[in-house]
Amino acid sequence: MKKLLFSLFIALTAVAFVGAKDLSGVKIYINPGHGGHDSDDRPMHIYPFASGDPNSFWESNSNLDKGLRLDTMLRELGFQTKLSRVTNTEEDDRSLSAIVAEADAWNSDFMLSIHSNAG
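Predicted model, so just to flag it, every value in this text is computed and none were measured.

### Section: the overall build of the protein chain
- Of the regular secondary structure elements, the protein chain holds three helices and five strands.
- Reading the protein chain from its N terminus to its C terminus gives the helix and strand order α-β-β-β-α-β-α-β.
- In the protein chain, which comprises 119 residues, the share counted as buried stands at 34%.
- Partitioning the contacts of the protein chain with sequence separation of at least 6, the portion at a separation of at least 24 is 72%.
- For the protein chain, the exposed area adds up to about 7,100 Å²; of that, 59% sits on carbon and sulfur atoms.

Structure (structure tokens):
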């Protein structure tokens, strides 16, 4: 995932410096996958915490952190961005079809769905 985000960052930075002078019209929709510590989240046991401990690793926390950081980087480059969620509650765990419909309704040029489920 780090390689993908780094590659995306490099590509977008290259676009910014090579020829695009105004990126304010480019819309990128960011979906930090999952939300809330519920049944479709993927907790992992990381010492000293037990699997499922709120202080341990949760995919939803990791995805949100990456999404918020990516949002900041893209905005600094001049892109318009929108996130499917900015908090980590069970209400944020919407269906992918609803998220895609929101990205389409916003007329996004690109949608990135972030997941961290390798373990």
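### Some thoughts on the nonpolar core
- Residues Leu 23, Ile 28, Ile 30, Leu 70, Leu 74, Phe 79, Leu 83, Leu 112 and Ile 114 constitute the largest nonpolar core, which totals nine residues.
- Contributing elements (two or more residues each) for this core: strand S1 (27-32), helix H2 (59-77) and strand S5 (110-114).

### Looking at H2
- A rise of 1.5 Å per residue sets the reference length of H2, with its 19 residues, at 27 Å; its end C-alpha atoms lie 27 Å apart and thus fit the reference within 8%.
- Backbone geometry just after H2 places Gly 78 at a positive phi near 105°.

### Things to note about the sheet that holds S1
- Taking strand neighbours across the sheet as the criterion, the three strands line up as S4-S1-S5 in an open arrangement whose pairing is parallel. Of all strands in the sheet, those with a lone pairing partner are strand S4 (80-83) and S5, marking the two edges. Along the sheet, successive strands turn relative to each other by an average axial angle of 20°, direction set aside.
- On top of the sheet, H2 reaches S1, S4 and S5; it is set at about 165° to S1, its chief contact.
- Strands S1, S4 and S5 of the sheet are contacted by helix H3 (residues 96-105), whose axis makes an angle of about 165° with S1.

### Details of unusual backbone geometry
- Here the bond from Tyr 47 into Pro 48 is cis, since omega is 10°, no more than 30 degrees from zero.
- Tracing the chain through its elements places Pro 48 in the loop between strand S2 (43-44) and strand S3 (57-58).
- At Asn 107, a position not held by glycine, the phi torsion is positive, near 60°.
- Note on placement: Asn 107 falls in the loop between H3 and S5.
- Taking relative accessible area as the criterion, Asn 107 reaches 54% and is therefore assigned exposed.

Conventions used here
Residues numbered from 1 in each chain as written. Predicted model: local features only at pLDDT ≥ 70, side-chain atom pairs only at ≥ 80, totals over all residues. Heavy atoms only, no water. Helix = DSSP H or I, 4+ residues; strand = E, 2+ residues; numbered from the N terminus. Buried < 20%, exposed > 50% of the residue type's maximum accessible area, 1.4 Å probe, protein only. Contact = heavy atoms within 4.5 Å. Areas by Shrake-Rupley, 256 points an atom, 1.4 Å probe, with all protein chains shown as cover. Core = buried A, V, L, I, M, F, W, Y, C linked by side-chain atoms within 4.5 Å. Expected span 1.5 Å × (residues − 1). Pairing = 2+ DSSP bridges. Axes fitted to C-alpha atoms, helices over the stretch in contact; angles between N-to-C directions.

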